[in-house]
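Understanding the architecture of this molecule
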Amino acid sequence: MHPAFSVIFLTTLIGVAQGLFLALYTGQLYSVVNVLPVQDSHSFYGLGSLLALVFLSGGLIASFFHLGRPERAWRSATQWRTSWLSREVVVLPAFMGLTALYGLIHYFDLNPVLFKFSGVFVVDLSLLVGAVNTLLAFTLFFCTGMIYACIKFLQEWATPLTVVNYMLLGSASGFSLATAFAAYVGSELVTFYGAWAIIITLAAFVTRSASLLRNARIKYKSSLRSAIGIRHAQIEQKSRGFMAGSFNTREYFHGASAQSYRVVKWLFLLLVFPLPVVLISIGLGSGVFVILALAFAVQYLGLLAERWFFFAQANHPQNLYYQTV
Amino acid sequence: MKQLALVIDLNVCVGCHACVTSCKEWNTSGNAGFMSDMNPYDADPTGTFFNRVQTFEIGAYPGTETVHFPKSCLHCEDPPCVPVCPTGASYKRKEDGIVLVDYDKCIGCKYCSWACPYGARELDENQKVMKKCTLCVDRIYDESLPEAERKPACVLACPTSARLFGDVNEPNSVVSVAIRENGGYQLMPEWGTNPANHYLPRRRTQITIHEDELIRVDNPLKKERQLPMPDPDEQTLDDITSW
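All of the points below concern the structure found in this document. The shown structure was predicted, so the numbers you read here are calculated from the model rather than taken from an experiment.

Bringing a nonpolar patch on the surface into the picture now. Residues and elements named next belong to chain A. On the surface, a cluster of nonpolar side chains totalling about 410 Å² of accessible area is made up of Leu104, Tyr107, Phe108 and Leu110. Among the structural elements, Leu110 can be located in the loop between helix H3 (84-107) and strand S1 (113-117). Among the residues examined, Leu110 registers a relative accessible area of 51% and is labelled exposed.

This is how it looks when you write it as structure tokens:
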């Protein structure tokens with residue numbers, strides 16, 4: 001498939017935001033059960049939610065560049081019964097709305113205590129909104145992954161690993177950002193987020209490698225034989241029917257050389273996994289914000305390459321019809 | 001349920017591209033908007049087509065066969081492109097099974113084109129909406145046309161009648177009979193899309209002639225003579241009389 005930059009930015013940016021929100025809410029949840037210290041509502045949860053919203057808005061803007069007719073984008077929320085893309089279109093604004101609400105509740109201290117659990121644990125409004133939004137964050141990861149995983153003849157994508165990778169890669173980058181953010185506002189949660197960023201990054205390394213290994217030994221169900229229905233061992237295309245370009249020759253081929261394709265693969269394997277882990281480890285040791293920010297920047301850059309590779313690797317069966325001019 | 005479709009006879013197709021040009025001509029003049037060509041007379045031209053004819057060579061030289069392969073939307077009975085559409089612009093008509101795109105609802109997100117294993121859908125670079133074969137839906141029901149012309153443009157244009165049009169779910173329609181009697185098949189059956197369009201395979205065209213069919217065994221004059229049979233070069237009554 002031809003990697004579209006609009007979709008690359010959309011999926012990576014909202015992944016960061018989802019991960020960041022999950023990090024913020026995990027911090028709050030842990031503080032409720034007195035495992036972690038309580039953070040400042042204004043500077044931590046308020047600003048953190050704002051940061052997540054900035055990334056979400058970036059993703060939303062990027063998504064419009066993918067559309068031929070962006071002015072009709074509202075229609076894409078109508079087919080949620082059948083289309084994963086439509087479901088994503090429904091869940092994304094809902095997630096943005098609740099992230100904004102979560103941030104506002106914290107920032108303006110509109111946080112009434114709803115009830116107390118066992119007389120010790122205080123459940124306030126933000127905790128409830130956050131719980132619903134956590135569910136939305138995972139739903140959004142699931143929808144994004146399923147958009148690709150549900151197309152069964154794009155065999156590189158049609159695996160549960162696709163969904164798992166979207167979840168883990170998004171969460172990893174979100175926790176990396178949370179680490180840098182915590183260092184920036186001077187929160188004690190730097191180590192907590194940093195440790196989880198490393199753990200999730202390593203987990204993502206395992207699942208992404210698993211999908212790479214799976215795709216390396218994939219057996220394509222379609223062949224030129226089934227494509228034109230002629231059962232002969234030797235079939236060669238002599239003409240695709242036209243000499244100029246067409247949608248079919250542009251949309252489904254990544255167009256990069258075999259060498260740059262390989263370079264991107266190793267680049268993302270380096271930038272997404274080992275480098276951020278090393279940088280976060282150094283950052284946690286020294287507590288320097290710049291190093292942690294660099295760790296996130298490197299990982300995000302790597303994720304752009306990862307998403308490019310994700311699209312480029314998918315081999316559409318229609319390409320069988322376009323082997324020669 | 002009615003399912004209109006094309007049946008394409010690969011045994012007959014000569015690869016003349018008449019279906020391609022007549023399709024483009026009819027549909028670019030249609031009321032749904034033209035099929036854009038970008039840079040038609042410049043470097044790197046590109047355009048929207050509903051139908052293409054491709055050419056494949058089967059076998060090793062010298063025993064090769066050239067197969068011309070017309071390719072358009074197959075109007076699947078279980079179209080994977082329809083449920084993925086986020087706007088409902090892609091739909092399959094209940095009354096005749098034609099898969100269509102509502103150009104006024106399409107947002108041009110291209111997701112349906114990813115979900116079509118055949119690459120039958122093309123984004124129009126000018127209108128920025130997804131387009132595909134309509135089976136000339138604006139023509140086949142047009143009662144101002146003579147009944148014989150209420151067929152898709154490609155079917156009417158084919159000089160060798162390699163394209164048949166009809167209801168594949170009606171057992172006695174011309175397409176169903178052709179599929180049944182000539183081993184009609186579907187493309188990429190492995191994905192369960194159940195395409196309505198069928199292709200008829202290459203068939204060996206031959207008749208068997210026995211030697212006794214070449215001589216006049218029924219010639220009464222020869223029959224009355226004594227055996228053995230006369231020399232075949234000998235004159236018969238047919239050769240010497242004018243009836």
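Now that the structure has been shown, the text picks up again.
Here we take up the side chain of A:Glu306. With respect to the element layout, A:Glu306 can be found in helix H11 (residues 289-313). A polar side-chain atom of A:Glu306 sits 2.8 Å from a polar atom in the side chain of A:Arg307.

What follows covers empty space enclosed by the protein. One way to see where empty space is left: roll a probe the size of a water molecule over the atoms. Residues and elements named next belong to chain A. Tallied over the entire structure, the rule returns nine cavities of 30 Å³ or more. The computed volume of the largest cavity comes to approximately 110 Å³. Mapped by element, the contributors of at least two residues to the lining of the largest cavity are helix H5 (160-185), helix H6 (190-216) and H11. Tallied by class, residues from the lining of the largest cavity come to five nonpolar, five polar and four charged.

The periodicity of an α-helix, 3.6 residues per turn, causes residues three or four positions apart to be oriented the same way. All names here are of chain A. Given a rise of 1.5 Å per residue, 24 residues ought to cover 34 Å, and the 34 Å separating the end C-alpha atoms of H3 matches this to within 8%. Here H3 starts with a cap whose side-chain oxygen sits 3.3 Å from the backbone nitrogen of Leu85, and that cap is Ser83. Two residues or fewer past H3, Asp109 is found with a positive phi of approximately 55 degrees.

Looking now at the packing of aromatic side chains. Taken as a whole and assessed by the stated rule, the structure comprises 39 aromatic pairs over all chains. Pairing A:Phe310 with A:Phe311 gives two aromatic rings, centres 5.4 Å apart and planes at 80 degrees, and the pair type is edge-to-face. Classification of A:Phe310 by relative accessible area gives buried; the value is 8%. Classification of A:Phe311 as buried rests on a relative accessible area of 1%. Site record: aromatic cluster; members linked through ring pairs are A:Phe21, A:Tyr25, A:Tyr30, A:Phe44, A:Tyr45, A:Phe95, A:Tyr102, A:Phe175, A:Phe181, A:Phe192 and A:Tyr193. Taking NZ or CZ as reference, A:Arg87 lies 4.3 Å from the ring centre of A:Trp84, over its face. If you follow B:Arg52 out to its NZ or CZ, it ends over the ring of A:Phe242, 3.7 Å from the centre.

With that out of the way, let us pick up the packing of H6(A) against helix H9 (residues 258-272) of chain A. How two helices sit against one another is set out by the angle between their axes and by the gap between those axes. Residues and elements named next belong to chain A. Contact geometry of H6 with H9 gives a least axis separation of 11 Å together with a crossing angle of 160 degrees. It follows that H6 is roughly antiparallel to H9 by the angle criterion. Where H6 crosses over H9, the handedness of that crossing is left-handed. Every residue of H9 that contacts H6 at Thr201, Phe205, Arg208 and Leu212 is listed here: Phe268, Leu269 and Val272.

Turning to the environment of B:Arg93, a few remarks are in order. Residues and elements named next belong to chain B. Assignment of secondary structure puts Arg93 in the loop between strand S6 (90-92) and strand S7 (99-101). The exposure class of Arg93 is buried, given its relative accessible area of 18%. Taking the C-alpha atoms as reference points, Arg93 and Val175, separated by 82 residues in sequence, lie 20 Å from one another. Setting aside residues up to four positions removed in sequence, Arg93 forms contacts with Ile98, Leu100, Val137 and Tyr141.

Spatial strand order, S3(A)-S4(B)-S5(B): three strands in an open sheet with antiparallel pairing. The sheet is open, and its two edges are formed by strand S3 (235-239) of chain A together with strand S5 (65-72) of chain B, each paired on a single side. On average, each strand axis in the sheet is tilted by 35 degrees relative to the strand beside it, whichever way the strands run.

Attention now moves to the sheet that holds strand S11 (residues 198-200) of chain B. All names here are of chain B. The strand order across the open sheet formed by three strands is S10-S1-S11, and the pairing between neighbours is mixed. Looking along the sheet, the strands with just one partner apiece sit at the ends: strand S10 (163-167) and S11. Looking at each pair of strands side by side, their axes are set apart by 25 degrees on average, direction ignored. The pairing of strand S1 (residues 4-9) with S10 spans five bridges and is antiparallel. Among the inter-strand pairings, Leu4 is bridged to a residue of S10, identified as Asp167.

Okay, the nonpolar core next. Counting 156 residues, the largest nonpolar core has A:Tyr148, A:Trp157, A:Tyr193 and A:Tyr321 as the members making the most contacts within it. Sort the elements by how many residues they give to this core and helix H1 (residues 5-32) of chain A lands first, with 14 residues. Membership of the second largest hydrophobic core comes to eight residues, among which are B:Ala5, B:Val175, B:Ile179 and B:Leu200.

Moving on, we get to the interface of chain A and chain B. Residue-level contacts link 60 residues of chain A with 54 residues of chain B. At the boundary of chain A with chain B, total buried surface from both sides reaches about 4600 Å², with 59% on carbon and sulfur atoms. Counting the surface chain A buries against chain B, the share from its top three residues, A:Phe153, A:Phe247 and A:Tyr321, is 13%. Seen at the junction of chain A and chain B, the total is three salt bridges. In this structure, A:Arg250 and B:Glu125 form a salt bridge, with 3.4 Å as the shortest nitrogen-oxygen distance.

Cut-offs used in this document
Residues numbered from 1 in each chain as written. Chains lettered and ligands numbered in written order. Predicted model: local features only at pLDDT ≥ 70, side-chain atom pairs only at ≥ 80, totals over all residues. Heavy atoms only, no water. Patch = residues over 30% accessible without salt bridge, like charges linked within 9 Å, V, L, I, M, F, W, Y side chains within 5 Å. Areas by Shrake-Rupley, 256 points an atom, 1.4 Å probe, with all protein chains shown as cover. Salt bridge = Lys/Arg side-chain N within 4 Å of Asp/Glu carboxyl O. Helix = DSSP H or I, 4+ residues; strand = E, 2+ residues; numbered from the N terminus. Buried < 20%, exposed > 50% of the residue type's maximum accessible area, 1.4 Å probe, protein only. Polar contact = N/O pair within 3.5 Å; in protein donor to acceptor, adjacent residues only side chain to side chain. 1 Å grid on protein atoms, 1.4 Å probe; cavity = no way out; pocket = protein on both sides within 12 Å on 5 of 7 lines; lining within 4 Å. Points joined across faces, edges and corners; volume = space filled by probe spheres on them. Nonpolar A, V, L, I, M, F, W, Y, C, P; charged D, E, K, R; others polar. Expected span 1.5 Å × (residues − 1). Phe/Tyr/Trp six-rings, centres within 6.5 Å; stacked < 30°, edge-to-face > 60°. Lys NZ or Arg CZ within 6 Å of the ring centre and 35° of its normal. Axes fitted to C-alpha atoms, helices over the stretch in contact; angles between N-to-C directions. Parallel < 35°, antiparallel > 145°, perpendicular 65-115°, else oblique. Left-handed = near helix turned anticlockwise from the far one by under 90°. Contact = heavy atoms within 4.5 Å. Pairing = 2+ DSSP bridges. Core = buried A, V, L, I, M, F, W, Y, C linked by side-chain atoms within 4.5 Å. Buried area = accessible area lost by both parts, 1.4 Å probe.

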